[in-house]
Amino acid sequence: MVAIKTRKGSETLIEQGALDEFRSGLGGETLTLEDAAYGEVREIWNAMIDSRPALIARCRDADDVVHSVKFARAHDLLISVRGAGHNIAGNSLADGGLLIDLSQMAAVEINAEAKTARVEPGATLGDVDAAAQTFGLATPTGINSTTGIAGLTLGGGFGWLSRSYGLTIDNLLSADVVTAGGDLLTTSESNHPDLFWGIRGGGGNFGIVTSFEYRLHEVGPELLSGLIVHDAGDAVAALEFYREFAAQAPDELTTWVVMRKAPPLPFLDEAVHGTDVVLFALLYNGDIADGEEAVASLRAFGSPVGEHVGPTPYVDWQQAFDPLFTPGARNYWKSHNFGELSDQTINILVAYAQDLPSGFSEIFIAQMGGETSRIAADATAYVGRDAAFVLNVHTRWEDPADDDRCVAWAREFFDATLPGAIDGAYVNFMTADESGRVEAAYGANHERLVAVKDHYDPDNMFRLNQNIAPSGTR
Ligand SMILES: Cc1cc2nc3c(=O)[nH]c(=O)nc-3n(C[C@H](O)[C@H](O)[C@H](O)COP(=O)(O)OP(=O)(O)OC[C@H]3O[C@@H](n4cnc5c(N)ncnc54)[C@H](O)[C@@H]3O)c2cc1C
C-alpha cells in the first residue's frame, strides 16, 4: 500500500493489489521511498528542488506511458513528467505524487537520407548532437549538452543554430503524444494540428510526448567558434559595440554575452581568473573563412584580456559551457526578452554584473533574430519572435544559507531590468514562483492555448508545468 497525493491535494491510499497490477503492467521498474535507487533517481539538476514523489514509474516505452497515465487517471493522482530533469522550476518532481520518468527512453535514430531524427524524450542534447553529427547533421537545440531535448523542445528551444534554422520547434516535424485520456496520437501540421501547434512552445500542458521527429541540416563538423574576453572595466563600451555588431550580423553568426567572474580557462592568464569579465561567445555556422571575416571587427574591438577563437568540432562547442552548468548547485534564474539593448539597460546590466551575489552567478544575453524572427508569432505557441535578445540571469550558489540573499538579488535584478524589456517571456527560463506570469508570457497566443487545453486536458491532469489552466478551472 502506498499513499499518493491526488490532483486536488489530498492523499489517496493505493491498495497493494492495485499497486501490484500497475507494476506488473509496466515494462520499466517502479520505485517508492523505501527503494535503494529512489534517492538517486529522484535527483534533478537544480538542487533547490527537494520534492519527493511517492511513486516513480520508470517508463521504457510509449506503452508504459499510456499505462501510467491510465493508472494516474483511475486514481486521480497528481503527476509530474520528467525528461532529463534540467528544468529550473523543478516541475518534473511531483511532491507526494506520481513521477512519470522518461529518462530511460533516450534512443536517437537518424535517417541520414531523409535528414530527419526520431528522438525519445529522455535524450539529452548531447545524445542528439552525437548521433546526428555522425552524419554531419544537426538541428538547433540549446547550449548545454546535458539539457533534455523534451523540455527544451516543448518550451521552444534555441541555441547556436537558431539564427540559421529557427527554434527547435521550427524543426519539429511530428510528435507522438499520450493525452490525458490515455490515447497515443501522432501529431503534425496535418494530424491534430491544434495539438501540434500547442506543443510547439506550450510546454507539457497537453500530454506526454513519447517521440519527437526533427528536421536535420548539414552542419560542420568543424565550425568557427570560441570566446573573446574583456575586462569588466570595459563592459559598457563592449556592450555598446556588441549591439551594433549584433544588429548587422549575418544569420550564420550568433554571439552571446556572458558577464561573470572569469573561469580558469587555459587560454586566460592566471591573473585574470576570478576577475570580473565580459565574454563574447560566438559560433559561425558556415565556411570557416567567411566566419573569420564576419567576426573580424569583434576580434579587433578594444583590448581583450584573452581570446580563443578557431575551428572547433560542433559537438565540442555544444559542450563548451557544460563545466559552468554542472548539476547539484542551487539555482534561481530570471529572464526577460529585449527588442534592443538601450543605454539604460546596458548601464543597469553592467552595474549588476559588478555585484553578482556569488562566484558562480552570471548574466547571459542570448542573441536571437535571424530565422527565429521570420516565423509568425501565431504560427506556433511560442510567442517571443520579436525578441532580439533573451536575457537570463543564472543566479547560482552552493550553501542553502545563501538562498534568501541570492534569490532576493535575482528578483531585484529582474525588476531593475524590466523597464527595457518587451512583452513575452521564455517559459523554459521561468522559476516555480512565476505561475502568475504565464498568461503574459504567452501574450496573444494564450487564448488559443486555453482552447487547446480545454480540448485535450480539461481536468488539468498535466498541471506541473508553466500551467495553462483550462477554462473550467479558472
Ligand atoms: C544549464 C541549462 C542550460 C540551458 N540552456 C538552454 C538553451 O541554451 N536554450 C534553451 O532553449 N533552453 C535552455 N535551457 C532551458 C531548458 O530548455 C529547460 O530547462 C527544459 O525544460 C529542460 O528540459 P528537460 O527535459 O531536461 O527538463 P525536465 O525538467 O525533465 O522537464 C521540464 C518540464 O517539461 C515537461 N516535460 C518534459 N518532458 C516531457 C514530455 N516528454 N512530455 C510532456 N512534457 C514533458 C514537464 O512539464 C516538465 O516539468 C537550459 C537549462 C539549463 C538548466
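Scope of this entry: the structure provided in the associated data block. (Residues numbered from 1 in each chain as written. Predicted model: local features only at pLDDT ≥ 70, side-chain atom pairs only at ≥ 80, totals over all residues. Heavy atoms only, no water.)

Within the largest apolar cluster, 41 residues are counted, with the highest numbers of intra-cluster contacts made by Leu239, Val257, Met259, Leu349, Ile363 and Phe413. If we ignore the near neighbours within four places in the chain, the residues touching valine 257 are Leu239, Tyr242, Val278, Leu279, Phe280, Ile363, Phe364 and Ile365. (Core = buried A, V, L, I, M, F, W, Y, C linked by side-chain atoms within 4.5 Å. Buried < 20%, exposed > 50% of the residue type's maximum accessible area, 1.4 Å probe, protein only. Contact = heavy atoms within 4.5 Å.)

This part covers unusual backbone geometry. The step from glycine 220 to proline 221 runs through a cis peptide bond, and the omega angle for that step is 10°. Topologically, proline 221 is positioned in the loop between strand E13 (217–218) and strand E14 (222–231). The residue lysine 115 is not glycine, and still its phi comes out positive at about 55°. Tracing the backbone through its elements, the reader meets lysine 115 in the loop between strand E7 (108–111) and strand E8 (116–119). The class for lysine 115 is partly exposed, based on a relative accessible area of 30%. Positive phi values are uncommon outside glycine, yet asparagine 460 reaches one of about 55°. Looking at the element boundaries, asparagine 460 is found in the segment after helix H14 (446–456). (Helix = DSSP H or I, 4+ residues; strand = E, 2+ residues; numbered from the N terminus.)

A separate point is the packing of helix H8 (residues 235–247) against helix H11 (residues 343–353). Their axes nearest at 10 Å, the elements H8 and H11 cross at an angle of 140°. Classed by the angle they form, the pair H8 and H11 counts as oblique. The handedness of the crossing between H8 and H11 is right-handed. Taken together, the residues of H11 that come into contact with H8 (itself represented by Ala235, Val236, Leu239, Glu240 and Arg243) are Asp343, Ile346, Asn347, Leu349 and Val350. Considering only residue class, the contact of H8 with H11 consists of six nonpolar, one polar and three charged. (Axes fitted to C-alpha atoms, helices over the stretch in contact; angles between N-to-C directions. Parallel < 35°, antiparallel > 145°, perpendicular 65-115°, else oblique. Left-handed = near helix turned anticlockwise from the far one by under 90°. Nonpolar A, V, L, I, M, F, W, Y, C, P; charged D, E, K, R; others polar.)

Take the site of the ligand next. Every one of the 35 residues lining the ligand counts as a neighbour, but Gly83, Gly85, Asn87, Phe158 and Tyr426 are closest to it. Take glycine 83: an N or O atom from its main chain is 2.6 Å from an oxygen atom of the ligand. A distance of 2.9 Å is found between a nitrogen atom of the ligand and a backbone nitrogen or oxygen belonging to valine 209. Notes on the ligand: free accessible area 950 Å², of which the protein chains cover 97%. Counting residues per element, the ones that place at least two in the shell around the ligand are strand E5 (79–82), helix H5 (149–155) and strand E12 (208–215). At four residues, H5 tops the list of elements feeding residues into the shell around the ligand. Tallied by class, residues from the shell around the ligand come to 18 nonpolar, 16 polar and one charged. (Near = heavy atom within 4 Å. Polar contact = N/O pair within 3.5 Å; in protein donor to acceptor, adjacent residues only side chain to side chain. Areas by Shrake-Rupley, 256 points an atom, 1.4 Å probe, with all protein chains shown as cover.)

We now examine helix H9 (residues 288–300). Here H9 is 13 residues long and its end C-alpha atoms lie 18 Å apart, about the 18 Å a rise of 1.5 Å per residue gives. Considering bend angle alone, the principal kink of H9 is centred on alanine 294 and spans about 40°. Within H9, the full set of buried residues consists of Gly291, Val295 and Leu298. Contact partners of the buried residues in H9: E14, H8, strand E15 (253–261) and strand E16 (276–284). You can read the cap of H9 off the contacts: a side-chain oxygen lies 3.2 Å from the backbone nitrogen of alanine 289, and it is on aspartate 287. Residue glycine 302 follows H9 closely and has a positive phi angle near 60°. (Expected span 1.5 Å × (residues − 1). Bend = angle between axes of the 7 residues up to and from the residue.)

So, on to the environment of aspartate 234. Within the fold, aspartate 234 resides in the loop between E14 and H8. Aspartate 234 sits 26 residues away from arginine 260 along the chain, and the two C-alpha atoms are 13 Å apart.

Counting through the fold element by element, serine 358 comes out in the loop between H11 and strand E19 (362–367). Judged by its relative accessible area of 14%, serine 358 is buried. Reaching out from serine 358, the side chain makes a polar contact with the backbone oxygen of arginine 396 at a distance of 2.4 Å. Once residues within four sequence positions are removed from consideration, serine 358 is found in contact with Arg396 and Trp397.

Next up on the list: the pairing of E14. Judged by how many residues are buried, E14 sits mostly within the fold: eight of 10 residues are covered. In terms of strand pairing, E14 meets strand E17 (residues 306–313) through eight bridges, oriented antiparallel. In the sheet register, glycine 226 faces E17, and the bridge partner there is valine 309. (Pairing = 2+ DSSP bridges.)

Further remarks concern the sheet that holds E14. Spatially, seven strands are ordered E17-E14-E16-E15-E19-E20-E18 in an open sheet, and the strand pairing comes out antiparallel. Looking at which strands have only one partner, the edges of the open sheet turn out to be E17 and strand E18 (330–338). Averaged over all pairs of adjacent strands, the angle between their axes in this sheet comes to 15°, without regard to strand direction. The sheet strands contacting H8 are E14, E15, E16, E19 and strand E20 (389–397), and the helix crosses E15 at an angle near 165°.

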